[in-house]
Amino acid sequence: MIPVQTPGDQPAEQARQLPPATVSRLTLYLRTLNALLADGVENVSSEALAESAGVGSANVRKDLSHLGSYGTRGVGYEVANLSRQIAQALGLTHEWRVAIVGAGNLGRALARYAGFESRGFDVVALLDADQLLVGNEIGWLRVSDVAHLESVLAGTRANMVVLALPAAVAQSVCDRVVAAGVHSILSFAPVALSVPDNVNLRKVDMATELQILAYHAQRLQDPTLEQDSPGT
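Figured I'd write up the structure that's included with this text.

Cut-offs applied
Residues numbered from 1 in each chain as written. Predicted model: local features only at pLDDT ≥ 70, side-chain atom pairs only at ≥ 80, totals over all residues. Heavy atoms only, no water. Helix = DSSP H or I, 4+ residues; strand = E, 2+ residues; numbered from the N terminus. Buried < 20%, exposed > 50% of the residue type's maximum accessible area, 1.4 Å probe, protein only. Contact = heavy atoms within 4.5 Å. Areas by Shrake-Rupley, 256 points an atom, 1.4 Å probe, with all protein chains shown as cover. Axes fitted to C-alpha atoms, helices over the stretch in contact; angles between N-to-C directions. Parallel < 35°, antiparallel > 145°, perpendicular 65-115°, else oblique. Left-handed = near helix turned anticlockwise from the far one by under 90°. Nonpolar A, V, L, I, M, F, W, Y, C, P; charged D, E, K, R; others polar. Expected span 1.5 Å × (residues − 1). Salt bridge = Lys/Arg side-chain N within 4 Å of Asp/Glu carboxyl O.

The subject of this paragraph is the overall build of the protein chain. Each helix and strand in the protein chain was counted, giving nine helices and nine strands. Within the span of the protein chain, comprising 232 residues, buried residues form 37% of the whole. Across the protein chain, the fraction of contacts at a sequence separation of at least 24, relative to all contacts at a separation of at least 6, is 59%. For the protein chain, the exposed area adds up to about 13,400 Å²; of that, 55% sits on carbon and sulfur atoms.

As structure tokens, then:
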């Protein structure tokens, strides 16, 4: 469960000052901390957090020092307090309402995923242009017509949008999303999108990630490749 922000908390804008690598690791720490909270664990060591995230304990201590959290020698970190601090730094104590545009296989899978809510994200809308899909119920959502995108975003008060769209239409829909006032966008579209400087755009390209995995996998299978250098 994401902790609720209290008046004495530091502003969530702190997250903007964190190094990108630290932000990525904080999400891993938070997942572990929430699991520990569910199990009633009160304290955790930097070594345990490091093992869960697959990083060194020195990284953990450095990352958490950015939040002003240093733990206690022989005791470690208080799980509930550290979870609250990380959630606040990541902006998860705010209300995030997510609209998914694209009700194909990926969009439907995302809409059905129950894990978003436990991490502070409320999926409030699912939209598509296919009239055979519009009106269908997917999970707890009814598919809306993307022709009414602007009114759906306004009516649901969505402040994040996920684009699960073909490349051909992704930019035009993205432009409409930005014009509607949503400045946080996650794109699964296989194309580079252009957005204004004040819009946060994250791109997930699964084909690219698989290619990177393939590169590392071949080097594991053939250790002689590790001896190669650009000049050979």
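This part takes up the side chain of serine 184. Residue position: serine 184 is located in strand 8 (residues 184–187). Residues within four places of serine 184 in sequence aside, it is in contact with Asn159, Met160, Val161 and Asn200.

The relative placement of two packed helices comes down to the angle between their axes together with the axis-to-axis distance. The N-to-C vectors of helix 7 (residues 149–156) and helix 8 (residues 167–179) enclose an angle of 45 degrees; their axes lie 10 Å apart at closest approach. It follows that helix 7 is oblique to helix 8 by the angle criterion. Judged by the sense of rotation from one axis to the other, the crossing of helix 7 with helix 8 is right-handed. Judged by residue contacts, Leu149, Glu150 and Leu153 of helix 7 engage Val173, Arg176 and Val177 from helix 8. Each residue belonging to the contact of helix 7 with helix 8 can be placed in one class, and the counts come to four nonpolar, no polar and two charged.

Let us now look at the packing of helix 1 (residues 20–38) against helix 2 (residues 46–53). At a minimum axis distance of 9 Å, the contact between helix 1 and helix 2 shows a crossing angle of 115 degrees. Put simply, helix 1 runs roughly perpendicular to helix 2. When the axes of helix 1 and helix 2 are compared, the crossing they make is right-handed. Where helix 1 approaches helix 2, its residues Leu28, Tyr29, Thr32 and Leu33 are matched on the opposing element by Leu49, Ser52 and Ala53. Its residues placed into classes, the contact of helix 1 with helix 2 shows five nonpolar, two polar and no charged.

Here we take up helix 1. Side chains of residues three or four places apart in an α-helix project in the same direction, reflecting 3.6 residues per turn. Taking 1.5 Å as the rise per residue, helix 1 with 19 residues should run 27 Å; its terminal C-alpha atoms sit 28 Å apart, in good agreement. Every buried residue belonging to helix 1 is among Thr22, Arg25, Leu26, Tyr29, Leu30, Thr32, Leu33, Asn34 and Leu36, and all of these are buried. Structurally, helix 1 contributes buried residues whose contacts are with strand 1 (43–44), helix 2, helix 3 (57–65) and helix 4 (79–89). Backbone geometry just downstream of helix 1 places glycine 40 in the positive-phi region, at approximately 80 degrees.

Within the secondary structure, leucine 36 is located in helix 1. Taking C-alpha positions, leucine 36 is 9.0 Å from alanine 80, a pair spaced 44 residues apart along the chain. Setting aside chain neighbours within four positions, we find leucine 36 in contact with Val41, Val44 and Val79.

This next bit is on the pattern of salt bridges. Overall, the coordinates contain eight salt bridges when judged by the stated rule. As a salt-bridge pair, arginine 25 and aspartate 63 come within 2.6 Å of each other at their nearest N and O atoms. With arginine 25 in helix 1 and aspartate 63 in helix 3, this pair connects stretches of sequence that are 38 residues apart. For the pair shown, arginine 25 and aspartate 63 are each scored as buried. The network of salt bridges with common partners includes Glu95, Arg97, Asp122 and Arg157.

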